Amino acid sequence: MALMTTAGCWNRREIESIGFVLAAGIDEAPQQGKIQVTVQIAKPFAIGGGEAVRGAADEKPFWTVSSTGYTVFEAVRNLLSQSPRRPFWAHNRFILIGEGLARKGIRDALDLFCRDGESRLRVWMVVVKGAKASDLLQAEFELERMPSEGGMGLLQGARQGLSTIGEGMLNDFLQRLEGEGIDPIATRAEIVPRPQEFDIRGELKRETIGGSARLTGAAVFKDDRLVGWLNKPETRGFNWVMGKVRSGIIVIENPREEGKFIGLEILGARGGFKPEVRNGKVTVAVKIEADANVGYVQGFIDLLRMPEAWSSMERRMATVIENEVLAAVAKAQELGSDIFGFGAELNRRYPKKWADEFRDRWDEEFRKIDVKVEVKAKLRRTGLTVKSSEIR
Amino acid sequence: MREVEGGKVSGRQLAALLVLTRTMAVTMTFPTAAAVKPPQDIWIVTLLGTLVSVLFVLLVARLGLRSPDKTIIEQAELLLGKYLGKLVGIVLVWYWMSVACGAARELGEAYTVAIMPETPVLVFMVATVFLAANAARNGLEVVGRMGESILWVVLFFAALVLVLPYDQMRFKNLAPVLARGFRPLMLPTGTVVSFFLEFIILGMILPYLARPRDATCYSVYAVLASGLVMTWFAVALVAVFGPALPDLVMPAFSLSRMISIANFFERIEAVTMAAWTLSCVIKLALFLWGCAVGLAQVFGVSRYQSLVYPLGAMTLALGILSFESNPALQRFLRFEVFGVYSLIITVGTTAVLYLAAFFRSRLPLGRGLRR
């Protein structure tokens, strides 16, 4: 009997009455002081696909709709005047932020996504470079019918294959925002216009794809304001320091032949840093160990008979890594944003010194930090050939 | 003496009841998370609080073992005389009542905040309190057995929630340890202890233990076990949320929302809610039972069962009326309010009873008064 009272269908929601939000974008609205929220909602009847539902493929399986309001919350609620189904946020994968809004600060825009019970802290934070988030939400991908799936695919690919994605979930963002001596970072996306060179409408009668998206590094924040960008090599430099590099290609010059290049595939890396204080000056020692395979060789090299070439390639690999790290550090220092958390680490190691000497003037101090990079690069294998084919 | 309650529970059942009582309250709102600044030292606070609480539980158990066939309420009457003793009894019953209404409201709030925001909080409270009252009417033995079996379910769920967000854990967040020394941790330690003071209910269960001697060791086990679970929670929460932890209303719930294994094992927060609901029902049943039996003993009512439903209704009413909002509930659970309130009532009554016992054993007059 008691169970009957616990069944609770008070605010039941039938699945037919909700629309699953796949990605959301936040921008400044054209009207002064207003916020524009754009959501991409799945069209369940168009997903069906396969032979069973012929004709389903004609339609885009998603719908993109915008609305405005003075707060994000109001804008989201205003969607109800256009969407016959109530937006449901639990499956949202992305929060896209337009560059314009990001430069002004996004703490307030994020509040709803932390407070609301449907949205999750695992959503990815993406900043759209040079455009509005609503524009990016029009992007489509050839291999995925659902853009949010496509976006996840890019993200996984760039994270695992290229290591060009920083720590960019909402949870990471909030911690970096609230932590001392560390600043937030998000994923940077750009819109790729796709002028159609030829008609791609074949069996799949979906509309021609007008634009696609690309993930091109990281967005750097100071507090909650966007202050600049890391490009892909710089983002990998950031990831070397954080120990988050999983894979990627390092290109070095062939030590035996000028103007010819060798591609090394990163197998894995460990990285970390240690801040030290000497005479009131902070130095950071970054230590990186990286393993790689020889994946591609231009020109001739016989790695069995040329051990000195092997170690020279390792040295060149170490130099590339070091340069990437230094580029990332230089960019961060130029932007004045401690994305590495040097300050936070200083606080962990020397809490007293941090509180007494550095906390209040960390912004200037960070720009002056001397970063030393020590790289141990190791080459392990050469693929299925040990020497290049010789032309005789 | 009239037997108000005839059941018997084992030491393990006692421990299970106490662990559920303690872990439910804390994992739901995790009041220490908001109290500790900087948050990374929560686990130290929790451990310290646990150790301090062992002392308190030992005191309560020793007091009970002075006359192992009497509840703390009957003892109060014996030691303090009829009127003063009954007064202490009523104060204790009132305290258990407030614990119960806090727990009921917490669960109701958890449901409304996190899952069904449009449903009135009363709906959830009625359901749980009704279930708990039915259990309490069936006696301590039933509650004890329920507790023993539910404990494993709850611990399993807790382990799930504590281990599975491993990909989001950054144990770096735990440093620096004790950045500002022990001083700022004193008050939060009080918060941890204040919830352990609910264990004064042990004085009520003790005479119904199959072997009253078990009370000491099993209640200490219970304190240590709940302390460990909570420390584990503290570590996991700091590792996952770091400096953003104090923002959260229900950190453990948010923790379960962070779980995502291979993109398909996710959204398992229902598991957390289930664990909380189960332990809340047990906690409510235990405290409603305590209130009813206590009240029956104070007023010499022969059947405590008839008091359970009215007390349940009062719990509901108080649970609704005492806190006008969720932040009001959160403020109530802070050390400055609930902590001090618990401290005064529980430590106060224990101290008074010890003092009375001390004087009774010294003065020849005291011995004569003993029935």
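Before reading on, note that the structure itself is shown above.
Right, let's walk through the structure included here.

Reading guide: rules and limits
- Residues numbered from 1 in each chain as written.
- Chains lettered and ligands numbered in written order.
- Predicted model: local features only at pLDDT ≥ 70, side-chain atom pairs only at ≥ 80, totals over all residues.
- Heavy atoms only, no water.
- Helix = DSSP H or I, 4+ residues; strand = E, 2+ residues; numbered from the N terminus.
- Areas by Shrake-Rupley, 256 points an atom, 1.4 Å probe, with all protein chains shown as cover.
- Lys, Arg positive; Asp, Glu negative; His and termini not counted.
- Charge placed at Lys NZ, Arg CZ, Asp CG, Glu CD.
- Buried < 20%, exposed > 50% of the residue type's maximum accessible area, 1.4 Å probe, protein only.
- Pairing = 2+ DSSP bridges.
- Axes fitted to C-alpha atoms, helices over the stretch in contact; angles between N-to-C directions.
- Contact = heavy atoms within 4.5 Å.
- Buried area = accessible area lost by both parts, 1.4 Å probe.
- Salt bridge = Lys/Arg side-chain N within 4 Å of Asp/Glu carboxyl O.
- Polar contact = N/O pair within 3.5 Å; in protein donor to acceptor, adjacent residues only side chain to side chain.
- Nonpolar A, V, L, I, M, F, W, Y, C, P; charged D, E, K, R; others polar.
- Core = buried A, V, L, I, M, F, W, Y, C linked by side-chain atoms within 4.5 Å.
- Patch = residues over 30% accessible without salt bridge, like charges linked within 9 Å, V, L, I, M, F, W, Y side chains within 5 Å.
- Phe/Tyr/Trp six-rings, centres within 6.5 Å; stacked < 30°, edge-to-face > 60°.

**Overview of the overall build of chain B**
Looking only at helices and strands, chain B has 16 helices and two strands in total. Looking at chain B as shown, the accessible area adds up to about 14,500 Å², and 68% of this sits on carbon and sulfur atoms. Measuring between centres, the 30 positive side-chain charges of chain B sit 10 Å from its 19 negative side-chain charges.

**Section: the pairing of strand β8 (residues 211–222) of chain A**
Residue and element names in this part refer to chain A. Of all 12 residues in β8, 11 are buried; the element is thus mostly enclosed. Note: β8 against strand β9 (residues 225–230), five bridges, orientation antiparallel. Note on β9: the bridge partner recorded for A219 is W229.

**A look at the sheet that holds strand β10 (residues 248–253) of chain A**
Residue and element names in this part refer to chain A. Read from one edge of the open sheet, four strands run β10-β11-β12-β13, paired in mixed fashion. Because the sheet does not close on itself, it has two edges, and the strands there are β10 and β13 (370–379). Ignoring strand direction, the axes of neighbouring strands in this sheet form an average angle of 40°. Pairing of strand β11 (residues 261–278) with strand β12 (residues 281–297), which is carried by 16 bridges, proceeds in the antiparallel orientation. Across the sheet, residue F273 finds its bridge partner in β12, namely V286. Sheet contacts for helix α9 (residues 232–242): β10, β11 and β12; angle to β11, the most-contacted strand, approximately 60°. Sitting on the sheet, helix α10 (residues 307–335) touches β10, β11, β12 and β13, and the angle it makes with β13 is about 145°.

**A few points about the interface of chain B and chain A**
Facing 31 residues of chain B, the contacting portion of chain A comprises 30 residues. Around 2,700 Å² of area is buried between chain B and chain A when both sides are counted, 49% of it from carbon and sulfur atoms. On the surface where chain B and chain A come into contact, there are four salt bridges. K172 of chain B is the partner of E345 of chain A in a salt bridge, and the nearest nitrogen-oxygen pair spans 3.7 Å. Summed over the shared surface of chain B and chain A, the number is 12 residue pairs in polar contact (both at pLDDT 80 or more). Broken down by secondary-structure element, the contributors of at least two residues to the side of chain B that touches chain A are α6 (121–137) and α10 (214–241) of chain B. The element contributing the most residues to the side of chain B that touches chain A is α6 of chain B, with four residues. For the side of chain B that touches chain A, the residue count by class is 17 nonpolar, five polar and nine charged.

**With respect to the pattern of salt bridges**
Evaluation of the coordinates by the stated rule reveals 39 salt bridges over all chains. Residues joined by salt bridges that share partners form a network here, namely E345, R348 and R349 of chain A together with K172 of chain B.

**Brief notes about the nonpolar core**
Among the nonpolar cores identified, the biggest contains 170 residues, and W96 and W289 of chain B are the most heavily contacted of them. It is helix α12 (residues 269–299) of chain B that contributes the most residues to this core, 19 residues altogether. In this structure W289 of chain B touches E5, A136, G139, L140, M204, I205, Y208 and Y304 of chain B, once residues within four positions along its chain are discounted. A218, F238, I288 and F342 of chain A belong to the second largest nonpolar core, which has 51 residues in total.

**A look at a positive patch on the surface**
Residues and elements named next belong to chain A. A grouping of K274, K287, K376 and K378 is seen on the molecular surface, where their side chains present a positively charged patch. Considering the arrangement of structural elements, one finds K287 in strand β12. A residue is classified by how much of its surface remains accessible, and K287, at 52% relative accessible area, is exposed.

**Let's talk about unusual backbone geometry**
Residue A175 of chain B is joined to P176 of chain B through a cis peptide bond whose omega torsion reads -5°. By the secondary structure assignment, P176 of chain B is in the loop between α7 (140–163) and α8 (186–196). In this model, D223 of chain A sits at a positive phi of 55°, which is unusual for a non-glycine residue. In this structure, D223 of chain A sits in the loop between β8 and β9.

**Focus: the environment of K281 of chain A**
All names here are of chain A. The residue K281 is located in strand β12 in this model. The exposure class assigned to K281 is partly exposed, which follows from its relative accessible area of 41%. It is 8.5 Å that separates the C-alpha atoms of K281 and K368, two residues lying 87 residues apart in sequence. Once you skip the residues sitting within four places of it in the chain, K281 turns out to touch E276, E365 and K368.

**Side note on the packing of aromatic side chains**
Centre distance and the angle of the planes are the two values used to describe a pair of aromatic rings. Residue and element names in this part refer to chain A. All told, the structure shown has 25 aromatic pairs over all chains when counted by the stated rule. Aromatic pair F273 and F342: ring centres 4.9 Å apart, planes at 80°, arrangement edge-to-face. Highlighted residues: F273 in strand β11 and F342 in helix α11 (residues 342–349), separated in sequence by 69 residues. Side by side, F273 and F342 carry an identical accessibility label, which is buried.

**Observations concerning the side chain of R236 of chain A**
Within the fold, R236 of chain A resides in helix α9. Filtering out sequence-adjacent residues up to four positions away, R236 of chain A remains in contact with L162, S163, V245, G248, I249, I250, I266 and E324 of chain A.

**Looking at helix α4 (residues 72–80) of chain B**
All names here are of chain B. The element α4 is largely enclosed, with a buried count of eight among its nine residues. Those residues of α4 lying buried are I72, I73, E74, Q75, A76, E77, L79 and L80. Buried residues along α4 sit in contact with α3 (42–66), α5 (82–115), α9 (202–205), α12 and α15 (335–362).

No statement about biological role is implied by the geometric values presented.
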